[in-house]
Amino acid sequence: MRVLLTGATGVVGTEFAHRLRAAATAHGRPLDLVAVARRDEAVVRWRMGAEPPPAELAGHWDVIVHAAASTRWTLGRDEAVAANLEPLRAVLALADRDTHLVQVSTAYVGGVRNPEDLRGTEFEGYRNGYEWSKATCEAIARQAHPGPLTLIRPPLVVGRRGTGEIARFSGPYTLLQALVSGTAAVVVGDPAGHAEISPVDEVAAAMVAAVLAAPPDRPRTEVIAAGPDSLSLDQLLDVVCGTLNRFRTAHGVAPIERPPLVSVDSWNRFFLPLADQWLSPIQSQAVKLLAMFQSYTGMRRPFDPTWKVADPAAAMAASVHHWAERRPRLALARPEPWTLLQR
């Protein structure tokens with residue numbers, strides 16, 4: 001089986017490559033896995049969408065796993081096209097009617113769309129350029145790929161279940177640093193809203209299962225989520241702050257205070273205008289970055305999973321503990337309280 005993997009050095013791609021090789025060996029399946037990334041010397045280098053494919057990518061592919069993407073929530077529309085849409089079109093040019101395309105998307109393309117939410121007007125109701133680009137990529141794949149198609153939709157991705165290990169700290173880990181530094185003076189969201197997470201090994205397991213299974217007769221979507229068993233934002237903060245404080249106590253450091261929760265409506269209507277007026281430029285920028293989490297940590301309705309994530313609290317706790325062990329200076333930092341500017 002000849003498999004092409006894009007985004008091979010990313011969080012999901014790294015885990016998937018490890019698990020696919022192990023699964024192929026365990027099942028006695030011959031595997032020719034070709035890993036592609038933009039900058040890493042250890043794999044085939046290809047700036048997808050910006051240059052022609054290398055010669056070693058020619059020929060028929062049984063499966064193409066497209067995991068490459070820019071996951072920045074601050075992408076502008078043109079940036080999102082260049083970072084995510086054009087690479088997909090380049091990958092599709094390598095596929096044929098018998099190629100099974102396994103495309104990594106995001107569960108949030110299936111969420112509630114609101115043109116008034118964040119940058120929703122710019123992105124057709126989606127909350128940011130990443131979300132919009134992933135939804136558009138799904139539409140492009142459905143329309144342009146003539147062969148079998150599987151869409152993998154994970155939520156926010158954290159470390160491996162049990163150990164918390166992950167290739168790179170990004171995405172939701174921004175919140176951990178904000179909490180221990182004091183930057184997250186408040187958390188904006190619905191306390192009872194659903195906060196969907198998945199361990200990276202479960203995302204990779206769903207991808208491996210798709211690759212090793214018979215190609216679907218029609219496009220198939222795998223939604224990885226805990227659904228009604230997902231953490232609420234209130235529970236998520238309890239797990240994160242509780243885990244951090246156990247680590248801090250074990251190292252003789254005072255615990256952090258759990259920040260207060262403010263509803264999105266109250267924040268946008270009342271607090272944000274005051275924040276823009278009285279906070280420092282650094283604090284204002286932190287507020288805007290943390291605001292990108294609003295829609296991800298307080299959903300009114302959970303996802304309907306096809307791949308069920310069990311016990312998300314334990315997975316989150318393991319991930320926070322692993323982050324703290326690998327980033328002790330950050331995890332044990334003394335929070336700096338916010339001060340108002342004197343104007």
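Preceding this paragraph is the structure being described.
Residues numbered from 1 in each chain as written. Predicted model: local features only at pLDDT ≥ 70, side-chain atom pairs only at ≥ 80, totals over all residues. Heavy atoms only, no water.

(A) View of the pairing of strand 4 (residues 63–66). Burial along strand 4 is two-sided: V63 and V65 and I64 and H66, pointing in opposite directions, are all buried. Relative to strand 4, strand 1 (residues 2–6) runs parallel, the two sharing four bridges. Residue pairing across strands places V3 opposite V63, the latter belonging to strand 4. Bridging between strand 4 and strand 5 (residues 100–104) involves four bridges; their strand directions are parallel. Note on strand 5: the bridge partner recorded for I64 is L101. Regarding topology, helix 2 (residues 77–92) serves as the crossover connection from strand 4 to the parallel strand 5, and that connection is right-handed. (Buried < 20%, exposed > 50% of the residue type's maximum accessible area, 1.4 Å probe, protein only. Helix = DSSP H or I, 4+ residues; strand = E, 2+ residues; numbered from the N terminus. Pairing = 2+ DSSP bridges. Right-handed = clockwise from strand over helix to strand, strands pointing away.)

(B) Highlighting the packing of aromatic side chains. For the structure on display, the rule yields three aromatic pairs. Each ring, one from Y108 and one from F303, has its centre 5.2 Å from the other, and the planes form 70°; the classification is edge-to-face. Of the two residues, Y108 is situated in the loop between strand 5 and helix 3 (129–144) and F303 in the loop between helix 8 (281–291) and strand 14 (307–308); the sequence distance between them amounts to 195 residues. Residue classification places Y108 among the buried residues on the basis of a relative accessible area of 2%. Looking at F303, the relative accessible area reads 8%, which means it is buried. Relative to W132, the ring of F123 lies with its centre 5.9 Å away and its plane at 35°, an arrangement referred to as tilted. For the pair shown, F123 and W132 are each scored as buried. (Phe/Tyr/Trp six-rings, centres within 6.5 Å; stacked < 30°, edge-to-face > 60°.)

(C) Inspection of the packing of helix 4 (residues 173–181) against helix 9 (residues 312–326) at higher detail. Viewed as axis vectors pointing N to C, helix 4 and helix 9 meet at an angle of 60°, and their least axial separation amounts to 11 Å. The interaxial crossing formed by helix 4 with helix 9 has right-handed handedness. Side by side, helix 4 and helix 9 meet where Y173, L176, Q177 and V180 of the first sit next to S319, V320 and W323 of the second. Of the residues that constitute the contact of helix 4 with helix 9, the class distribution is five nonpolar, two polar and no charged. (Axes fitted to C-alpha atoms, helices over the stretch in contact; angles between N-to-C directions. Left-handed = near helix turned anticlockwise from the far one by under 90°. Contact = heavy atoms within 4.5 Å. Nonpolar A, V, L, I, M, F, W, Y, C, P; charged D, E, K, R; others polar.)

(D) Just unusual backbone geometry, in detail. At D311, a residue that is not glycine, the phi angle is positive and equals roughly 45°. With a relative accessible area of 46%, D311 lands in the partly exposed category.

(E) A look at the sheet that holds strand 5. With respect to topology, eight strands assemble into an open sheet ordered 3-2-1-4-5-6-11-14, the strand pairing being parallel. Across the chains shown, the open sheet's two edge strands, defined by having one partner strand only, are strand 3 (44–45) and strand 14. The sheet strands contacting helix 1 (residues 11–26) are strand 1, strand 2 (32–37) and strand 4, and the helix crosses strand 1 at an angle near 160°.

(F) Highlighting the pairing of strand 11 (residues 220–225). Two elements, strand 6 (residues 149–153) and strand 11, share four bridges in a ladder whose sense is parallel. Looking across to strand 11, one finds that L151 is bridged to T221. Sheet analysis places strand 11 next to strand 14, joined by two bridges and oriented parallel. Each residue of the ladder has a partner; that of A225, found in strand 14, is K308.

(G) Broad picture of the environment of P273. With respect to the helices and strands, the residue P273 is situated in helix 7 (residues 264–278). Judged by relative accessible area, P273 falls into the partly exposed class, the value being 42%. If we ignore the near neighbours within four places in the chain, the residues touching P273 are W267 and N268.

(H) Spotlight on the environment of I256. Along the chain, the position of I256 falls in the loop between helix 6 (233–250) and strand 13 (261–262). Along the chain, I256 and P335 lie 79 residues apart, while their C-alpha atoms are 7.3 Å from each other. Sequence-distant contacts of I256, defined by excluding residues within four places in its chain, comprise L179, V180, C241, L244, N245, R248 and P335.

(I) Representation of the pattern of salt bridges. Counted under the stated rule, the structure contains 14 salt bridges. A salt bridge links R2 to D32, with the shortest nitrogen-to-oxygen separation between them at 3.8 Å. A residue pair is termed long-range when its members are at least 10 positions apart, and R2 in strand 1 and D32 in strand 2 qualify at 30 residues. Overall, the relative accessible area of 19% leaves R2 in the buried class. E86 serves as the salt-bridge partner of R89, at 3.1 Å between the closest nitrogen and oxygen. Here E86 and R89 lie together in helix 2, a separation of three residues that amounts to about one turn. (Salt bridge = Lys/Arg side-chain N within 4 Å of Asp/Glu carboxyl O.)

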